[in-house]
Amino acid sequence: MTTSPPAGAEILDLIRRPDIERSDIDHSIAPTIRRELESAADEHLPLDHPVRINKETVRRALRCEAHLVAHLGRDVEPPTAPMIRGALVDRLFAQRVVGFPIGANPVSDALAAADASDDRRLRALWDGLEPSEQEELRSSVTDMAEKLSSRWPPLPPGAYPRLQNTARIELCDGQIILSGRVDLALGRPSAEKVGTTLIDVKAGTHRLDDRDDAGWYAILETLRSGAPPFQVGNYYVPSGELDLKPVTVEDLQRATRRVADAISRVVRIAAGGTPKRSPGPLCPWCPAYEACDEGQQHIRVRDEATGEWLGDLDDDEWYDEEGPSDD
Amino acid sequence: MTELQLRPIVWEEVLQEIPAQVSTNDLRRLRSDLIEQLRELTVGLLPGHEVQINRRNLRHALTCPASAAETPFEANAVTTSRALGLMAVEAVSQGESLPSAIQSSVDWSLENAHWTASFLVEQVEPVRAATVAYATSWAARALTFVPWSTLQPVRFQQSTIWQSPLGYKKGVALVARPDAYLGRTTERVVLSLGWPDAKVAALDALVIALQSNSAPRRYIIGYPPAGSVGALDIDSTALDAAVADVVEAVGALVPEGRGEPLFTSPGQSCWNCDHRIGCADGVRWMELQPKRRGGLLV
C-alpha cells in the first residue's frame, strides 16, 4: 500500500516534530569536534597552501584518493541536464519558501529569478541546450513545480528561513577550510536547546551519499553555531518525501570520524604524499581509469568472477528450460 | 605599521570593558594629517572626478590598484538584500513578523524613492520572489546570529555614511557602512555583519569619527557563515592605521582621476578579481602559477 507524500501541515509537523523533545545543547560538542578534525591534520602541517574541503571532496577522498586528484585535475565539464534541472528547481523552491506561487511557465520563472540574482550562467546554460533537451527538462521541471505548489506549505512567521545558507569553517589557523551550502535552514537553537533544521532539496531520487551529506552539514552547523542542529535531511521534490532525522550524539561522532578521515587524506596529499588507490566498482567512470593499472585490474577480476558465476548458472539444472527441479 | 587584527570575542563581552574614546585633540590631529596628505595627492585631478574609498575597494586599492577600478553597480536581488533585510531586522525588533517586515521594507523603499526602488519598481512576480527570498535570508541570518536582545539599546544604521575630508565633491569621498550601534550612546560600539576585515572596521571607524567628531570605541564584525565575532578596539593606533590606508588607497587610485592607467600588481587577488579576464598582467601571472583546485596541486 503506497502512502501519499506529506503536504501542507504534514510537512510543517515533520519540520517541527512536536512529538520529540529538543535535547539540551552540549557546549563541549563543538570544541570536541574541532579538536578531532584538527588532530587528523596535525601530522602533515604546516601546508604551503590552504586546502578547501567540501562534501564532494570528502566523498571522493574516501572513495579513492587518486580518483579525487584525477577529478580535480580534469577540465571542468559543463553542467549536465540533471544539474541544470536541479538549479532550476532550487529557484522555484526558493519562490515557494517565501510564499510566492509558481506561474504557468516554471522554467521562465526560474530563469527570471536567476537573472535578477546576477546568475546569468543559468540562462546561458539553458540556451545552450538542444531543443529536445529543453523540452525534456521543461516537462520534468513543470511536473516538479506542480508538486512543489501542491505540497510545500507557507512557513510560519517564526521559521526564519535562510536559503542557500553557507558555512565556512577554518581549522588549523586557516590552513584547512571546510565549506558547504545547504538549501534551507529553519529555526534556531534557544539558549540551551537545539532547534535548527537543515534541509537539502533534491530534484532526483535517493542516493547512497545523501545521508553522509546530511552528516556533513550537521558538522558544519555545529562548528558554526556552537550547537548541533535539531535535525538534518533531504526533501525529494519528485516523490515529495521529506526525509529528516533528529541528530544524535552518535550521528555527530560518526560524521566527525568520516570527515576527519577525509581531512587526514587530503592534507597528506597536499603535503606531498602520493594519493592512494582504492579500486572499486566505480573505477570505469574515473577520469584516471585509462592510466590506472589497479583500477583496470580490479574490473578485470570482477568481470572474470562474474563470468564464472554466470557460467556456473548455465550448467545448473535449476535453470533447465522445463523450470526448477523439485529435488 | 603593525597590521590591525580583529580579536575573537563572544557576544557577552561586546559591551564589556569598552576602551576609552579617542580624544578630541587626537581626532583633530588625525583630521589635519589626513587633509594635508590628501590635498597633495589630489593635485591635478580632472574636474568632477572623485576618488571614493569604501569597504569594497579598499583592499583592492592596497594590493592591486587596477583591480579597484570601478565596475558599474547593478541593483539586483543580491545587492539589495542587505538594505531591505536590515530594514526588516529593525522592524522585527519593534515587534513585526519577518514576512510582514520584508514586505514593509519593499513598500517603504518604493514610497520613499530609496536607491533600491529602481530595482523594485514594476517587478514581475518571479523577480519579486527572488528579491524577497534574498532579503528574507539576509534578515533571518542576522536575526538568528546576533543576540539583539542582549545588546540593547540598538540603533540601526540604515544608510551609508559619507565623509568628504577635502570638502563636498572636492576629490575624495570616504564611505562607511555599519549596520547598527549597540549599547548606550556613550558606549559607541558599532556592529557590521560581513567578511571579517580589520581594515574595513578601521575605515568605518575613521569615517564615523570624521563625520560626527566622535570616534567609536569598539567595532564589531560578525560573520555568520563562520559563526565568528571579531572586535577592533578603536584607539589612536587604529585610526592612524586607517588614515595611512586611506592615503595609500587614494594615492593608488588617483591616476585614474588624471586620465592615467592604474598600476597592476598581480598576485593571489587575481583569482577573484572582476577584471581578471581583460588584464594581461593578471592572466600572465595566473598562467605561471601551479594549477590547484581546492588547494591541491593537480
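Parameters and conventions
- Residues numbered from 1 in each chain as written.
- Chains lettered and ligands numbered in written order.
- Predicted model: local features only at pLDDT ≥ 70, side-chain atom pairs only at ≥ 80, totals over all residues.
- Heavy atoms only, no water.
- Helix = DSSP H or I, 4+ residues; strand = E, 2+ residues; numbered from the N terminus.
- Buried < 20%, exposed > 50% of the residue type's maximum accessible area, 1.4 Å probe, protein only.
- Contact = heavy atoms within 4.5 Å.
- Areas by Shrake-Rupley, 256 points an atom, 1.4 Å probe, with all protein chains shown as cover.
- Lys, Arg positive; Asp, Glu negative; His and termini not counted.
- Charge placed at Lys NZ, Arg CZ, Asp CG, Glu CD.
- Pairing = 2+ DSSP bridges.
- Axes fitted to C-alpha atoms, helices over the stretch in contact; angles between N-to-C directions.
- Salt bridge = Lys/Arg side-chain N within 4 Å of Asp/Glu carboxyl O.
- Parallel < 35°, antiparallel > 145°, perpendicular 65-115°, else oblique.
- Left-handed = near helix turned anticlockwise from the far one by under 90°.
- Nonpolar A, V, L, I, M, F, W, Y, C, P; charged D, E, K, R; others polar.
- Expected span 1.5 Å × (residues − 1).
- Arc of directions from axis to C-beta.
- Core = buried A, V, L, I, M, F, W, Y, C linked by side-chain atoms within 4.5 Å.
- Buried area = accessible area lost by both parts, 1.4 Å probe.
- Polar contact = N/O pair within 3.5 Å; in protein donor to acceptor, adjacent residues only side chain to side chain.
- pLDDT = per-residue confidence, 0-100.

Enquirer: Which parts of the structure should I look at to understand the overall build of chain A?
Expert: For chain A, the count of helices and strands is eleven helices and six strands. Considering only C-alpha atoms, chain A reaches an extent of 65 × 55 × 50 Å along its principal axes. Burial analysis of chain A (327 residues in total) assigns 46% to the buried set. A fraction of 69% describes how many contacts in chain A between residues 6 or more apart in sequence connect residues 24 or more apart. Summed over its atoms, the accessible surface of chain A is roughly 16,800 Å², and 50% of this surface lies on carbon and sulfur atoms. In chain A, which carries 39 positive and 58 negative side-chain charges, the distance between the mean positions of the two groups comes to 10 Å.

Enquirer: What's the story with the sheet that holds strand β5 (residues 172–176) of chain B in this structure? I'm lost.
Expert: Strand pairing in a sheet relies on backbone hydrogen bonds. The paired strands run either parallel or antiparallel. Residue and element names in this part refer to chain B. Spatial strand order, β2-β5-β4: three strands in an open sheet with mixed pairing. Each edge of the sheet is formed by a strand with only one pairing partner; in this case those strands are β2 (51–53) and β4 (161–163). Direction aside, the axes of adjacent strands within the sheet are offset by 25° on average. Pairing of β2 with β5 involves three bridges; the strand directions are parallel. Its bridge partner lying in β5, Ile53 is registered against Leu174.

Enquirer: Help me out: how do you make sense of the pairing of strand β6 (residues 241–246) of chain A in this one?
Expert: Working note: regular strand, side chains alternate between the two faces of the sheet. Residue and element names in this part refer to chain A. For strand β5 (residues 231–236) and β6, the ladder comprises six bridges, and the chain directions are antiparallel. Each bridged residue has a counterpart across the sheet, and for Val232 the counterpart in β6 is Lys245. Here β5 hands over to β6 after four residues, with Gly240 in that stretch at a positive phi of 80°.

Enquirer: Which parts of the structure should I look at to understand the pattern of salt bridges?
Expert: Between side chains of opposite charge, a pair can form when the charged atoms approach closely. Scanning all chains against the criterion turns up 42 salt bridges over all chains. The structure contains a network of salt bridges with shared partners spanning Lys55, Glu56, Arg59, Arg60, Arg63, Asp200, Lys202, Arg207, Asp209, Asp210 and Asp213 of chain A.

Enquirer: Whenever I open this one, the packing of helix α3 (residues 81–93) of chain B against helix α4 (residues 98–111) of chain B confuses me. Can you help?
Expert: How two helices pack is summed up by the angle between their axes together with the distance between the axes. All names here are of chain B. For the pair α3 and α4, interaxial distance at closest approach is 8 Å and the crossing angle is 125°. On the basis of their axis angle, the class for α3 and α4 is oblique. In the packing of α3 onto α4, the handedness of the crossing is right-handed. Every residue of α4 that contacts α3 at Leu84, Met87, Ala88, Ala91 and Val92 is listed here: Leu98, Ala101, Ile102, Ser105, Val106, Trp108 and Ser109. For the contact of α3 with α4, the per-class residue count stands at ten nonpolar, two polar and no charged.

Enquirer: Would you take a moment to explain helix α8 (residues 131–151) of chain A for this structure?
Expert: Along an α-helix, a turn takes 3.6 residues, which lines up residues three or four apart on a common side. All names here are of chain A. End to end, α8 covers 30 Å across 21 residues, agreeing with the expected 30 Å (1.5 Å per residue, within 8%). If you check which residues of α8 are buried, you get Gln134, Leu137, Val141, Met144, Ala145, Leu148 and Arg151. Around the axis of α8, the buried residues are gathered within 140° of arc, so they sit on the same side. Projecting away from the buried face of α8 at angles above 90 degrees are the exposed residues Pro131, Ser132, Glu135, Glu136, Glu146 and Ser150.

Enquirer: Help me out: how do you make sense of the environment of Pro165 of chain B in this one?
Expert: Its place among the elements puts Pro165 of chain B in the loop between β4 and β5. Taking the C-alpha atoms as reference, Pro165 of chain B lies 34 Å from Trp11 of chain B; in sequence the two are 154 residues apart.

Enquirer: How should I be thinking about the nonpolar core in this particular structure?
Expert: What tends to happen in soluble globular proteins is that the nonpolar side chains get buried as a cluster. One finds Trp152 of chain A together with Trp148 of chain B to be the most contacted residues of the largest nonpolar core, which totals 79 residues. When residues of this core are assigned to their parent elements, the largest contribution, ten residues, is made by helix α6 (residues 125–145) of chain B. Once residues lying within four places of it in the same chain are set aside, the contact partners of Trp152 of chain A are Ile11, Ile15, Phe93, Arg96, Val97, Lys147, Leu184, Ile199 and Tyr235 of chain A.

Enquirer: Even after reading the chapter, I still don't get the interface of chain B and chain A, so can you show me in this structure?
Expert: Frequently, the measure chosen for interface size is the accessible area that the parts lose on association. Listed per partner, the contact involves 40 residues of chain B and 42 residues of chain A. Between chain B and chain A, roughly 3,100 Å² of surface is buried when both sides are summed, and carbon and sulfur atoms account for 61% of that area. In this structure, the connection of chain B to chain A is made through eleven residue pairs in polar contact (both at pLDDT 80 or more). Among the secondary structure elements, those contributing two or more residues to the side of chain B that touches chain A are α4, α6, β10 (292–293) and β11 (296–297) of chain B. Sorting elements by how many residues they give to the side of chain B that touches chain A places α6 of chain B first, with 16 residues. Looking at the side of chain B that touches chain A, its residues break down into 24 nonpolar, nine polar and seven charged.

Enquirer: What is the right way to read the sheet that holds strand β8 (residues 218–223) of chain B from this model?
Expert: On the basis of which strands lie adjacent, the open sheet formed by six strands has the order β1-β9-β8-β7-β6-β3 (chain B) and mixed pairing. Edge positions in the sheet fall to β1 (7–8) and β3 (154–156) of chain B, since each has one partner strand and no second.

Enquirer: Just checking my understanding: could you explain the confidence of the model for chain A for this structure?
Expert: Low-confidence regions, as indicated by low pLDDT, have predicted coordinates that should not be scrutinised in detail. All names here are of chain A. Across chain A, the average pLDDT comes to 92, with 95% of residues at or above 70. Summarising per-element confidence for chain A, the mean pLDDT is lowest in helix α11 (residues 293–315) (83) and highest in strand β2 (residues 162–171) (98). Within the model, pLDDT remains below 50 along residues 322–327, and this stretch shows four contacts once partners closer than five positions in the same chain are excluded.

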